[in-house]
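Single-letter residue listing:
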Amino acid sequence: MKKYNTLLIDNSVKQLVIVKINRPEARNALTTELLIELADVLENVTENDALKAIVITGTEKVFAAGADLKEMAALDMIGVLEDIRPKIWKKIANFPKPIIAAVNGFALGGGCELVMHADIVIAGDNAQFGQPEINLGIIPGAGGTQRLIRTVGKALAMKMVLSGEFISAEEALSAGLVAEITIPELTLERAIALAKLIASKPPLAVKQAKEVLLKAFETHLDTGMQYERKAFTVLSGTEDRNEGIAAFFEKRKPVFKGR
Ligand code: DAK
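Model, not experiment: these values are computed from the prediction. (Residues numbered from 1 in each chain as written. Predicted model: local features only at pLDDT ≥ 70, side-chain atom pairs only at ≥ 80, totals over all residues. Heavy atoms only, no water.)

Caption draft 1: Spatial organisation of the packing of helix α4 (residues 85–93) against helix α5 (residues 110–117). Interaxial distance between α4 and α5 falls to 9 Å at its minimum, and their mutual angle equals 30°. It follows that α4 is roughly parallel to α5 by the angle criterion. Handedness of the crossing formed by α4 with α5: right-handed. On α5, the residues that touch Trp89, Ile92 and Ala93 of α4 are Gly110, Glu113, Leu114 and His117. Here the contact of α4 with α5 is built from residues that sort into four nonpolar, two polar and one charged. (Axes fitted to C-alpha atoms, helices over the stretch in contact; angles between N-to-C directions. Helix = DSSP H or I, 4+ residues; strand = E, 2+ residues; numbered from the N terminus. Parallel < 35°, antiparallel > 145°, perpendicular 65-115°, else oblique. Left-handed = near helix turned anticlockwise from the far one by under 90°. Contact = heavy atoms within 4.5 Å. Nonpolar A, V, L, I, M, F, W, Y, C, P; charged D, E, K, R; others polar.)

Caption draft 2: Expanded view of helix α10 (residues 203–215). Between its first and last C-alpha, α10 extends 18 Å over 13 residues, near the 18 Å set by a 1.5 Å rise per residue. Restricting attention to buried positions, one finds in α10 the residues Val206, Lys210 and Val212. Residues of α10 that are buried in the fold lie against β5 (99–103), α9 (187–199) and α11 (221–235). (Expected span 1.5 Å × (residues − 1). Buried < 20%, exposed > 50% of the residue type's maximum accessible area, 1.4 Å probe, protein only.)

Caption draft 3: Structural view of the pattern of salt bridges. Under the defined criterion, the tally for this structure stands at 13 salt bridges. Two residues, lysine 2 and aspartate 40, come together in a salt bridge whose shortest N-O distance is 2.8 Å. Separated by 38 residues along the polypeptide, lysine 2 in the segment before β1 (7–10) and aspartate 40 in helix α1 (residues 32–47) bring together distant segments of the chain. Arginine 23 is the salt-bridge partner of glutamate 25, the closest N and O atoms lying 4.0 Å from each other. Here arginine 23 falls in the buried class, since its relative accessible area comes to 14%. Three or more residues joined by partner-sharing salt bridges are found here, namely Arg23, Glu25 and Asp68. (Salt bridge = Lys/Arg side-chain N within 4 Å of Asp/Glu carboxyl O.)

Caption draft 4: Summary view of the side chain of threonine 238. With respect to the secondary-structure elements, threonine 238 resides in the loop between α11 and α12 (239–249). What threonine 238 contacts, discounting residues up to four positions off in sequence, is Leu204 and Arg259.

Caption draft 5: Up close: the site of the ligand. Inspection of the region around the ligand gives 22 residues, with Arg27, Ala65, Ala67, Leu69 and Gly110 positioned closest. Between glutamate 25 and the ligand, the recorded distance is 3.4 Å, taken from a backbone N or O atom to an oxygen atom. With respect to the ligand, the backbone of glycine 141 contributes an N or O atom lying 3.4 Å from a nitrogen atom. When the ligand sits alone it has 1,100 Å² of accessible area, and the protein chains cover 64% of it. Elements with a contribution of two residues or more to the shell around the ligand: α2 (69–73), α4, β6 (106–108) and α5. (Near = heavy atom within 4 Å. Polar contact = N/O pair within 3.5 Å; in protein donor to acceptor, adjacent residues only side chain to side chain. Areas by Shrake-Rupley, 256 points an atom, 1.4 Å probe, with all protein chains shown as cover.)

In structure tokens form, the structure reads like this:
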């Protein structure tokens, strides 16, 4: 995979791409360049059948401190209106393979919103999540009002967005923003282990599962159930489904082919 200015890419784990956000001097603030590079990584992973999932992480102290404020300060209203970043966020949201976030330290503003674009979040016990945009006279712009409320509920989302107060890893876990907490030294390792486990599963089922689970954010139950039914039916016609059931009865490990 190519080299990027703002991301470090680790291809050493088979079937995975590990992306480390690499702007420590600006606390991993998300510039447009960084988002473009991230979208490029996702596009490459989407197109490569051998790659099954990505893991996104930051440094020990900061996952990401939000949108780059120098860049934001330079934008007037028309600049914001014509900003290309909403399109890039959409690409991240539409990425079809699993994204696992390994979060140590601060995940603030756009950084917290990036966490919410991940499918599974593993947090170090030093992690802090927040939407401090209110302190800057703005509001979240990449889903921090919409995804946050759907994830953690009204009470906590209102508190975070209106007050700018951060929540701890523990609070994030009990609110459902985070799937697991580890000691910070193991956050990435655990995220990789989980990504490897997912990479061993039948890819068509993983893809359908992600797609249908995310539908739950935006549909009524009845419509969501129809999506589930359709995806379930489609998977019934795959070789991997036959292989999974056969392997169960033959008491052996299944060999999935993504067909
Ligand atoms: N942008 C640019 N530079 C930043 C930065 C940021 N978000 N955060 C930190 N830095 C820079 C600091 O300016 C400082 O630079 P120098 O002074 O060394 O040149 C350096 O990083 C170190 O910062 P600190 O001295 O503050 O470091 P600490 O370790 O003491 O504190 C911190 C770390 C992360 C708690 C703190 O830096 C902090 O509170 N940062 C700002 C957090 C924040 O307010 N985030 C929200 C940003 S607004 C949209 C999509 C998304 C968004 C908007 C629109 N659309 C699609 C329309 C998102 C908006 C946001 O995220």
